[in-house]
Amino acid sequence: MKTNFTVLLLVLVFCVSVNSSYAQSIELNSPQDLTVSFSGFFPFSDEANQSFKDLIDQNGSVAIIIKNFMGKGLNIAPAADFREIGKKKKIKGDTIIIIDYKKKKAKKFGLSFVPKGAVSANFEVQPFAERPCPNPVNCQDDCGENLGKCCEKDSGGSQSRMCIQIGTSSCGCAKR
């Protein structure tokens, strides 16, 4: 019985490693097309990971801008070292979400994707830290045009909040 359990555990570890090793890496501040066919950890590229490590102590929030969404649905969560480390957000179409990396220390940061069938979309991951905000907008002025724009800045002039969609037709200023 113990041998069967050990073999099963090794097979599971191998399967998780294989799925994770083939996942496309995620860049920061750069739109990229992704197709997600399986659940897994999608790591930040080496350069993006180091940049994020340098910024996370200032602000662990990131915005994920999703465009051209095709598929039934997708759950996204912050992840580190091949584990989910925060709340999942459900995605069913084009949107902007904000996730928070509460865990500040890890070797490898990234995103956890759990699709409902195959999903494809254009993703852009934007860390809040050090994102300049010269002129904050009023999110309600032009909801569609202001999505993803800075609506509040901190004392250093960096973005602390951004416009996100609330419901089907209105926008709000959100921190996390």
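Keep in mind that this is a model prediction, so the values were computed, not measured. The residue count restarts for each chain, going from 1 along the sequence in the order it is written. Given that this is a predicted model, residues contribute local features only at a pLDDT of at least 70 and side-chain atom pairs are listed and counted only at 80 or more, while totals for whole chains, interfaces and linings are drawn from all residues. Heavy atoms throughout the structure, all of them, feed into the side-chain values; hydrogens and water do not.

Asker: Help me understand the pairing of strand β12 (residues 170–174) in this model?
Answerer: One face of the sheet, then the other: side chains in a regular strand alternate in exactly this way. Whether two strands pair comes down to DSSP finding at least two bridges between them. Working definition: helices are DSSP H or I runs of at least four residues, strands are E runs of at least two. Numbering for both runs from the N terminus. Where strand β11 (residues 159–166) meets β12, five bridges bridge the pair, whose relative direction is antiparallel. Across the sheet, residue Cys-163 finds its bridge partner in β12, namely Cys-173. Turn length for the β11-β12 hairpin, with the two strands adjacent in sequence and antiparallel, is three residues, and the turn residue Gly-167 shows positive phi of about 75°.

Asker: Just checking my understanding: could you explain the environment of Asp-94 for this structure?
Answerer: For Asp-94, the position within the fold is in the loop between β6 (89–91) and β7 (95–100). Only protein chains enter the calculation, and the probe is 1.4 Å; a residue is then buried if its accessible area is under 20% of its type maximum, exposed if over 50%, and partly exposed in between. When its relative accessible area of 47% is taken as the criterion, Asp-94 is described as partly exposed. Between the C-alpha atoms of Asp-94 and Phe-123, which are 29 residues apart in sequence, the distance is 9.8 Å. Contacts were defined at the residue level, with two residues in contact if any of their heavy atoms lie within 4.5 Å. Residues within four places of Asp-94 in sequence aside, it is in contact with Ile-66, Lys-67, Asn-68 and Phe-69. A distance of 3.0 Å separates a polar atom in the side chain of Asp-94 from the backbone nitrogen of Asn-68. Polar contacts here mean pairs of N or O atoms no more than 3.5 Å apart (in protein, one a potential hydrogen donor and the other a potential acceptor; neighbouring residues in sequence count only if both atoms are side-chain atoms). Reaching out from Asp-94, the side chain makes a polar contact with the backbone nitrogen of Phe-69 at a distance of 2.8 Å.

Asker: I keep staring at unusual backbone geometry and nothing clicks. Help me out?
Answerer: Generally, phi is negative for residues other than glycine and the peptide bonds are trans, each holding for most cases. In this model, Asn-29 sits at a positive phi of 55°, which is unusual for a non-glycine residue. Examined against the element boundaries, Asn-29 turns out to sit in the loop between α1 (2–21) and β1 (32–36). The exposure class assigned to Asn-29 is partly exposed, which follows from its relative accessible area of 42%. Of note, Asn-68 is a non-glycine position whose phi angle comes to about 55°, a positive value. By the element assignment, Asn-68 lies in strand β3 (residues 61–70).

By themselves, these are just geometric observations and shouldn't be taken as functional.
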